[in-house]
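Reading the structure
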Amino acid sequence: MGEAFRQVLIVDDDPVTLRILERCFQNWGFQVEAFVDSELALKRVAARSLPPLIILDWMMPNANGLEICSAIRSRENASPTYVLMITSKTESEDLIEALDSGAHDFLSKPINIDVLKSKVKVAEQLMRREMEIEIERRYWNLHAEQMEALAEERAKQLVHADRMSSIGVMAAGIAHEVNNPTAFISGNVQTLEKIWSDIAPEIEGAKNITEQKKEFILEETPKMLEGIKNGVKRISKIVLGLKGFVHQTEAERSVHSIGPLVEHALELTRNSLGKKVTVITEIPEELPCVFVDAQKIEQVLVNLMVNAGHALEKSEAPVIRLSATKQEKTISLFVQDNGSGIPDDKLDKIWVPFFTTKEVGKGTGLGLHICRDIIEAHDGQITATNSDDGGALFQVILPSLNQSEAVPQEVE
Ligand code: ADP
């Protein structure tokens, strides 16, 4: 029997009986708290947690055994206690009253120590079982609460993920719809340029237009055509970016230099970073090329930069540093910020799907998981640490190509 069960509280207004009981229990290895004053005992019951075994004399002046028993039973969230009532009453109605007040058993006076001992044994067994049940109950309650919280959290995350995928589908639809009119604007502007090169000399020589009008038309029309062409280029870039993000493009690997990939990713992120963030790029020109799906690698870089931007929202002087170095057979890309950093105990968790510390609507917790998938599909690695100034530092390692294999493609 554990120490916790070997504790007893005895209340008896007869000092001689109390002394005998105290001795007996001490001999049986119990820690004993003894009260001859029932009122003090009543206060004790209300004040602190109780031992698992309580022996109460029934008939006492001031507070009797039944009152103390009722006080014991009325405590909330209390650990289980076994109450043994000592009484000279023998009428069954009286004994029922004792049991009704919450006593487990009674012992008749004069006390037979052997009977007491066997009743205490039964009490110990019962209390031990009750204690085990109580521990299990608390464990399962806690578990149930945790599961409930987890389910609630997961449900929220799924709603997010669902919303994100709906946004993805919508973005893909928009990209597709925008593509068609962009294509015919682009085609028409080329035709217009040709027509213009034919009619510009005629306008120059025309007699029925004032010189002022001629000058305006000849100067402004090429500028307008150029403006339309630039606009179309920008729309195409945005459409391409959207397509990349919603995974509408098949994985297409080709040879690329790192610099343009970083520049393109930066271009896509600029707006979301805002003007306050200073972006420093340190990408040496002589880095070897990589054989990658450019859009996927850009997606990783954009995700890392957007995360850095979020971590820098409260910074006074926010800086993102994009750098790269080469190793024997790999190149490393670094995305570093001087934001809040990632707590050490979260460095492993950030890769787990749906792990996010961002508020509802801002984070899905999928970004880094997807990044890791992409980089690992390229036989690379992505890791996160905190730099000396406390901000996060992400490193992407990709296999590099020999100089002879490398004829880089242009990033669109
Ligand atoms: P999300 O951005 O939707 O939360 P991610 O998988 O991209 O999902 O990121 C997971 C978590 O990693 C973020 O919620 C954030 O706690 C942490 N994290 C990522 N990047 C940074 C960073 N640059 N600085 C601090 N914490 C970061």
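Presented here is an overview of the structure given in this document. None of the values given here were measured: they were computed from a predicted structure.

Taken together, 20 residues are adjacent to the ligand, and Thr-356, Thr-357, Lys-358, Thr-364 and Gly-365 come closest. With respect to the ligand, the backbone of Gly-367 contributes an N or O atom lying 3.4 Å from an oxygen atom. Burial of the ligand by the protein chains amounts to 94% of its free accessible area of 540 Å². Mapped by element, the contributors of at least two residues to the shell around the ligand are α8 (294-311), α9 (367-377) and β12 (392-399). Residues belonging to the shell around the ligand are distributed by class as follows: nine nonpolar, nine polar and two charged.

The next point concerns the packing of aromatic side chains. The final tally for this structure, using the stated rule, is four aromatic pairs. An angle of 85 degrees between the planes, with centres 5.2 Å apart, marks the rings of Phe-25 and Phe-30 as edge-to-face. Since its relative accessible area comes to 0%, Phe-25 is described here as buried. With relative accessibility at 6%, the residue Phe-30 sits in the buried group.

On to unusual backbone geometry, then. For residues other than glycine, phi is negative in most cases, and the peptide bonds are mostly trans. In this structure, Pro-110 follows Lys-109 across a cis peptide bond, with omega equal to -5 degrees. Within the fold, Pro-110 resides in the loop between β5 (105-108) and α5 (113-205). Residue Asn-62 is not a glycine yet carries a positive backbone phi of 60 degrees. Within the element layout of this structure, Asn-62 appears in the loop between β3 (53-57) and α3 (65-73). Of note, the phi angle at Asp-379 is positive, near 60 degrees, even though the residue is not glycine. Here Asp-379 is to be found in the loop between α9 and β11 (381-386).

Moving on to the packing of helix α7 (residues 258-273) against α8. One way to put it is that α7 packs onto α8 with a least axis distance of 9 Å and a crossing angle of 40 degrees. In this view, α7 runs oblique relative to α8, as classed from their interaxial angle. Handedness of the α7/α8 crossing: right-handed. Of the residues in α8, those touching α7 at Leu-261, Val-262, His-264, Ala-265, Leu-266, Leu-268, Thr-269, Ser-272 and Leu-273 are Ala-294, Ile-297, Glu-298, Leu-301, Val-302, Met-305, Val-306 and Gly-309. For the contact of α7 with α8, the residue count by class is 12 nonpolar, four polar and one charged.

Turning our attention to the sheet that holds β5. Strand pairing in a sheet relies on backbone hydrogen bonds. The paired strands run either parallel or antiparallel. Pairing in this open sheet of five strands is parallel, and the strands run β2-β1-β3-β4-β5 from one edge to the other. With one partner strand each, in any of the chains shown, β2 (31-35) and β5 form the two edges of the open sheet. Each adjacent strand pair in this sheet contributes to an overall mean axis angle of 20 degrees, direction not counted. Summarising the sheet, β3 and strand β4 (residues 82-87) pair through five bridges and their orientation is parallel. Bridging across to β4, Asp-57 finds its partner in Ile-86.

This brings us to α8. End to end, α8 covers 26 Å across 18 residues, agreeing with the expected 26 Å (1.5 Å per residue, within 8%). Buried within α8 are the following residues: Ala-294, Lys-296, Ile-297, Glu-298, Gln-299, Val-300, Leu-301, Val-302, Leu-304, Met-305, Ala-308 and Gly-309.

Pairing is mixed in the open sheet, where five strands are placed in the order β7-β9-β10-β12-β11. Of all the strands in the sheet, the pair left with one neighbour each is β7 (278-282) and β11. For this sheet, the mean angle separating the axes of adjacent strands, direction not counted, is 15 degrees. By the bridge criterion, seven bridges tie strand β10 (residues 330-337) to β12 in an arrangement that is antiparallel. Bridged to Gln-336 within β12 is Leu-393.

Along helix α2 (residues 38-47), the residues that are buried comprise Ser-38, Ala-41, Arg-44 and Val-45. Down the axis of α2, the smallest arc covering the buried residues is 110 degrees, so these residues share one side. Facing away from the buried side of α2 by more than 90 degrees, the exposed set consists of Lys-43, Ala-46 and Ala-47. Those residues of α2 that are buried lie in contact with β1 (7-11), β2 and α3.

So, how was this worked out
- Residues numbered from 1 in each chain as written.
- Predicted model: local features only at pLDDT ≥ 70, side-chain atom pairs only at ≥ 80, totals over all residues.
- Heavy atoms only, no water.
- Near = heavy atom within 4 Å.
- Polar contact = N/O pair within 3.5 Å; in protein donor to acceptor, adjacent residues only side chain to side chain.
- Areas by Shrake-Rupley, 256 points an atom, 1.4 Å probe, with all protein chains shown as cover.
- Helix = DSSP H or I, 4+ residues; strand = E, 2+ residues; numbered from the N terminus.
- Nonpolar A, V, L, I, M, F, W, Y, C, P; charged D, E, K, R; others polar.
- Phe/Tyr/Trp six-rings, centres within 6.5 Å; stacked < 30°, edge-to-face > 60°.
- Buried < 20%, exposed > 50% of the residue type's maximum accessible area, 1.4 Å probe, protein only.
- Axes fitted to C-alpha atoms, helices over the stretch in contact; angles between N-to-C directions.
- Parallel < 35°, antiparallel > 145°, perpendicular 65-115°, else oblique.
- Left-handed = near helix turned anticlockwise from the far one by under 90°.
- Contact = heavy atoms within 4.5 Å.
- Pairing = 2+ DSSP bridges.
- Expected span 1.5 Å × (residues − 1).
- Arc of directions from axis to C-beta.

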